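Architecture at a glance
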Amino acid sequence: MAKIIHVGKGSTSYKVIVSNNSLTKSNLKEATKSSRKILIVTDSGIPKAYLKSLKENLGKEKKVYVHTIPMGETSKSFEEYMKILEKLAKQNFDRSDLLIALGGGMVGDITGFSASSYLRGIDFIQIPTSLLAQVDSSVGGKTAINIKQGKNLVGAFYNPKIVLVSTSFLKSLKDSEFSSGLGEIVKYSYLGNKKIKNILKNKANKVIKRDSKIMEELVVESIKTKSRIVTSDEKENGIRAILNLGHTFGHAIEAKCGYKNIPHGQAVIYGMQIVARISFLEGLIEKEDYIEMDEILSSLNLDTNFQQFKYTEIRKYLKNDKKVSSGKLSLILLNKGLTGYKTDKFDSSNFSKAFKIN
Ligand SMILES: NC(=O)c1ccc[n+]([C@@H]2O[C@H](COP(=O)([O-])OP(=O)(O)OC[C@H]3O[C@@H](n4cnc5c(N)ncnc54)[C@H](O)[C@@H]3O)[C@@H](O)[C@H]2O)c1
């Protein structure tokens, strides 16, 4: 049975449909009913069978174009963005037409940003294929591309028309990409979702095996948590910032690695371990709390070796963080209830200590 989660408020609210296979003819017919032309944007790493079945189920009544970009974060670029816009313009797409993002967060972000800016905004549908995209990037309306000066520096808040999540796509993910998405799921267990924490603590074996029932439950619960937060704060003026738990240090680690050889979610895993330790050093949580986090991560076979990085090599990347405002860094820390909260009151000498404690 498909689960439906409602996200957002007013005229820009949208549904997220989650099931083993959400790309049914009827879901697609309903989602695309007002468009004559569709451009599917995907990347070279997405199994061709997914594109084929999407095209088949869209039917023959619409004119369907496909634009494939090279896989990898470097494609979330101005050049690839321009190619999408040029294709839309060349095929005379108008405001009633539609973009579909079929892929992970990279495809979702660049497609969403193209949709937000072409003709000052045309509709787009998110069909997330990676675990990270299913539980995080396809929901919440953040779209972006990277520029030389930094990741996600150019973008827009722009909600999709609908998100269609098929958990069967998770089977073909590489282990490293699956782990990257699990990192975000662990994050939701520290943003108040007790159901997720229970599953992670008691059914780690099934999670590792990508058991379809368990994965569907984790995806639905993650989206519910993200939806609750982004609906109450669509443009990140307040509570939404807690979704950045682990991201300040995570982004700095990604920048240090040149955005290569480290999936986003893996960097967030290291970032969460670091902020859990800072929270302990600030007297906000107990030692057993960050040890518990380490144990959950390890039981999911996730890489917890954040100590391969030194604070001295990460420090310079922290100041480029988007969360720096008026020269002040705000950080999401954990409190006694083990939920994230935003603060700019901390002792930054604890940063270097956090990298050293086990
Ligand atoms: N907009 C947001 O709110 C938000 C939130 C978090 C992350 N992001 C962005 O998301 C991006 C990371 O997303 P990602 O981790 O999905 O990376 P990605 O989109 O680069 O996908 C990772 C790899 O997995 C492959 N892949 C995707 N689905 C697959 C499947 N079902 N089977 C086999 N291979 C598959 C892709 O081809 C790619 O090679 C980053 O650009 C990050 O900035 C955005």
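Residues numbered from 1 in each chain as written. Predicted model: local features only at pLDDT ≥ 70, side-chain atom pairs only at ≥ 80, totals over all residues.

Here we come to unusual backbone geometry. Of note in the backbone geometry, R120 takes a positive phi value of approximately 60° without being a glycine. Of note in this structure, E236 is not a glycine but carries a positive phi near 55°. Mapped onto the secondary structure, E236 falls in the loop between α9 (212-232) and α10 (247-256). The class for E236 is partly exposed, based on 17 C-beta atoms found within 10 Å. (Helix = DSSP H or I, 4+ residues; strand = E, 2+ residues; numbered from the N terminus. Buried ≥ 20, exposed ≤ 12 C-beta atoms within 10 Å, placed from the backbone.)

Lining the immediate environment of the ligand, one finds 29 residues, of which G45, G104, G105, S130 and S137 sit closest. Residues belonging to the shell around the ligand are distributed by class as follows: 10 nonpolar, 12 polar and 7 charged. Split by domain, the shell around the ligand shows at least three residues from each of two domains, domain 1 (3-172) and domain 2 (178-354). (Near = placed C-beta within 6 Å. Nonpolar A, V, L, I, M, F, W, Y, C, P; charged D, E, K, R; others polar. Domains from an automatic or database assignment.)

On to the pairing of strand β12 (residues 331-334), then. Residues L331 and L333 of β12 are buried on one face, and the alternating residues I332 and L334, pointing to the opposite face, are buried as well. Pairing analysis gives 4 bridges linking β12 to strand β13 (residues 340-343), with the strands arranged antiparallel. Looking at the pairing, L331 lines up with T343 of β13. Count of turn residues in the β12/β13 antiparallel hairpin: 5 residues, of which L338 carries a positive phi of about 55°. (Pairing = 2+ DSSP bridges.)

Now for the packing of α10 against helix α13 (residues 311-318). The axes of two packed helices give the description: the angle between them and the distance between them. Contact pair α10 / α13: the axes reach a minimum separation of 8 Å and the direction vectors enclose 105°. Put simply, α10 runs roughly perpendicular to α13. On α13, the residues touching T248, F249, A252, I253, A255 and K256 of α10 are E313, I314, Y317 and L318. Grouping the amino acids of the contact of α10 with α13 by side-chain chemistry returns 7 nonpolar, 1 polar and 2 charged. (Axes fitted to C-alpha atoms, helices over the stretch in contact; angles between N-to-C directions. Parallel < 35°, antiparallel > 145°, perpendicular 65-115°, else oblique. Contact = placed C-beta atoms within 7 Å.)

Relative to the elements of secondary structure, S130 occurs in the loop between β6 (123-128) and α5 (131-137). Among the residues examined, S130 registers 30 C-beta atoms within 10 Å and is labelled buried.

For the rest of this paragraph, the subject is helix α4 (residues 105-117). For α4, with 13 residues, the first-to-last C-alpha span of 18 Å sits near the 18 Å given by 1.5 Å per residue. Looking at α4, one finds that the buried residues are G105, M106, V107, G108, D109, I110, T111, G112, F113, S114, A115 and S116. Note on α4: the residue one or two positions beyond its end, L119, has a positive phi of about 50°. (Expected span 1.5 Å × (residues − 1).)

With that settled, consider the sheet that holds strand β2 (residues 14-19). The strand order across the open sheet built from 7 strands is β1-β2-β9-β6-β5-β3-β4, with neighbouring strands paired in mixed fashion. The open sheet has two edge strands, β1 (3-7) and β4 (63-69), and neither has a second partner. Strand after strand, the sheet turns through a mean of 20° between neighbouring axes, direction not considered. Summarising the sheet, strand β5 (residues 98-103) and β6 pair through 6 bridges and their orientation is parallel.

The next point concerns the nonpolar core. Residues L99, I100 and V275 are the most contacted members of the largest nonpolar core, which totals 95 residues. Once residues within four sequence positions are removed from consideration, I100 is found in contact with I38, I40, F124, I125 and I127. (Core = buried A, V, L, I, M, F, W, Y, C linked by C-beta atoms within 7 Å.)

Entries for the chain in the domain assignment read domain 1 (3-172) and domain 2 (178-354). The centre of domain 1, based on its C-alpha atoms, is set 26 Å off from the matching centre of domain 2. Across the contact, 25 residues belong to domain 1 and 27 residues belong to domain 2. For the side of domain 1 that touches domain 2, the secondary-structure elements that each account for two or more residues are β1, β2, α5 and β8 (150-157). The element that contributes the greatest number of residues to the side of domain 1 that touches domain 2 is α5, accounting for 5 residues. Its residues assigned to classes, the side of domain 1 that touches domain 2 shows 11 nonpolar, 8 polar and 6 charged.

Turning our eyes to something else, we now look at the pairing of β1. As defined by bridge partners, β1 adjoins β2 across 5 bridges and the pair is classed as antiparallel. For I4, the partnering residue across the bridge sits in β2 and is I17. The turn linking β1 back onto β2 is made up of 6 residues, and G8 within it adopts a positive phi angle of 85°.

Taken N-terminus to C-terminus, the directions of helix α6 (residues 175-189) and helix α11 (residues 264-281) make an angle of 40°; their axes are 7 Å apart at the nearest point. It follows from the interaxial angle that α6 and α11 lie oblique. Here α6 runs over α11; the crossing is left-handed. Between α6, through S179, S180, G181, G183, E184, V186 and K187, and α11, the contact on the second element is made entirely by H264, G265, Q266, V268, I269 and M272. (Left-handed = near helix turned anticlockwise from the far one by under 90°.)

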